[in-house]
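Secondary and tertiary structure notes
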Amino acid sequence: MKCPHIFGVIALVWLGGEAQAAPDAQQILAWSDEVRNPGKSFSLTVDLLSYKQGKPSDASSLVLYSRADPRRGEFRSLLRFVSPSRDAGKLTLKSGKDLWVFDPASQASVPISPQQRLLGQAANGDVVTANWALDYLATLVAEETVIDGDRKPRASYKLRLSARRSDVTYHAIELWVDRDGYRSRKAQFYAASGELLKTAYYRGYRQALGRDRPTETVIIDGLNPQWVTVMRKSGFAWREVPEAWLQRDYLPRFRVE
C-alpha cells in the first residue's frame, strides 16, 4: 500500500494494532471552521490587546457583523471600530476577495489587503470571519499530541494548509485540531518564503451561538516571542446583517440599528 500524501485520499492510521481510516484532511478543516464560525448571520465584540516585552502597548475594540454567502459559504463581514477614539467610526468591509477601510473623516473607502496589520500581530484577515476550507487545500501531516494555549496536551490532527490563491492572508498554515471535537488548538502561519510569521493559540472555549467556540486567541510574533497580541471575543449574538451593510457604496451611510 502506498503511503497516502495527497489531498482527497483517506489516510490510514494505526490505532491499537489495527488500521483505521482517519477523516479526509479537507473534511477535518471544514469541521474546524464550523467550530470557529457560526453557520448564520451573527455579531460579536472583538477586543485586541498588544504587548511588548510583557507590557501593554496598544489596544482596540471593534464590533464584527458577519454573514455567510449562501451560494459559496464564504463569509462577508463588516468591522466597526469603537475605540480608541482616533479610530471610532471607521469601518472595514470584506466582501468576497476584496477588503476596504472607510474613514468617516475623509468619507473615502480605500482597498486594503488581508495581510495588512490591524493591531500588533493581528492582521485584517485574522479578525474578519474566514472559512479556511474555501481558501486552502489541506493535507493530513500527522496525528500527534500538541501542547495547547493552557499548556495542556491534546490529541490532535496536524494539517498543512496550502493557499489556493495569492490574495489570501497567509501562504501556508500548519494547524493542530482536536481529534475529538475538531477544536483548533494551535496554528503557525508562514510567508511564501517559508518564514514563520506568527504562532496562534486558540483557547477559552465556551458555549456561544449553539456550541463550544474559542473566545480568546493568543498571537505570538514569529521573530520576537516577546511581541504578543491577545484577541478576545465576547457578546456573541445571532443577528440579521442587512445586505446593504455589505456594500461598499453604503459605507458612508452606515448607522448602527
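Computed from a predicted model, the values in this text were never measured in an experiment.

Focus on the overall build of the chain
Within the chain, the secondary structure is distributed over three helices and 19 strands. Relative to the compact-globule value of 18 Å for 257 residues, the chain shows a C-alpha radius of gyration of 19 Å, a close match. Structurally, the chain occupies a C-alpha span of about 65 × 45 × 35 Å along its principal axes. The 257 residues of the chain split such that 46% are buried. Summed over its atoms, the accessible surface of the chain is roughly 12700 Å², and 50% of this surface lies on carbon and sulfur atoms. Computing the positive centroid from 37 side-chain charges and the negative centroid from 29, the chain places the two 2 Å apart.

Considerations on the nonpolar core
Membership of the largest hydrophobic core comes to 43 residues, with the highest contact counts inside it found for W132, L159, L161, I173 and L175. Core analysis: the second largest hydrophobic core is formed by twelve residues, Y65, L78, V241 and L251 among them.

Comments concerning the UniProt feature "domain: Uncharacterized protein TP-0789" (unreviewed entry) in the chain
Here, the residues flagged by UniProt with the feature "domain: Uncharacterized protein TP-0789" (unreviewed entry) are residues 76-252. Note that residues 76-252 is 5% helix and 55% strand, and that its end C-alpha atoms are spaced 18 Å apart.

Observations concerning the packing of aromatic side chains
The tally for this structure, following the rule as stated, stands at eight aromatic pairs. Ring geometry for F42 and F75: centres 6.2 Å apart, planes at 75°, overall edge-to-face. Of this pair, F42 sits in strand 3 (residues 42-52) while F75 sits in strand 5 (residues 75-83); the two residues are 33 residues apart in sequence, bridging distant segments of the chain. What makes F42 buried here is its relative accessible area of 3%. An aromatic cluster is defined as three or more aromatic residues linked by ring pairs; in this entry it consists of W31, Y157 and Y182. Seen from the ring of W227, K52 lies directly overhead, with NZ or CZ sitting 4.7 Å from the centre. Against the face of Y190 rests R160, its NZ or CZ located 5.4 Å from the ring centre.

Thresholds applied
Residues numbered from 1 in each chain as written. Predicted model: local features only at pLDDT ≥ 70, side-chain atom pairs only at ≥ 80, totals over all residues. Heavy atoms only, no water. Helix = DSSP H or I, 4+ residues; strand = E, 2+ residues; numbered from the N terminus. Rg over C-alpha atoms; globule rule 2.2 N^0.38 Å. Buried < 20%, exposed > 50% of the residue type's maximum accessible area, 1.4 Å probe, protein only. Areas by Shrake-Rupley, 256 points an atom, 1.4 Å probe, with all protein chains shown as cover. Lys, Arg positive; Asp, Glu negative; His and termini not counted. Charge placed at Lys NZ, Arg CZ, Asp CG, Glu CD. Core = buried A, V, L, I, M, F, W, Y, C linked by side-chain atoms within 4.5 Å. UniProt positions renumbered as here; feature names shortened; annotations may be inferred. Phe/Tyr/Trp six-rings, centres within 6.5 Å; stacked < 30°, edge-to-face > 60°. Lys NZ or Arg CZ within 6 Å of the ring centre and 35° of its normal.

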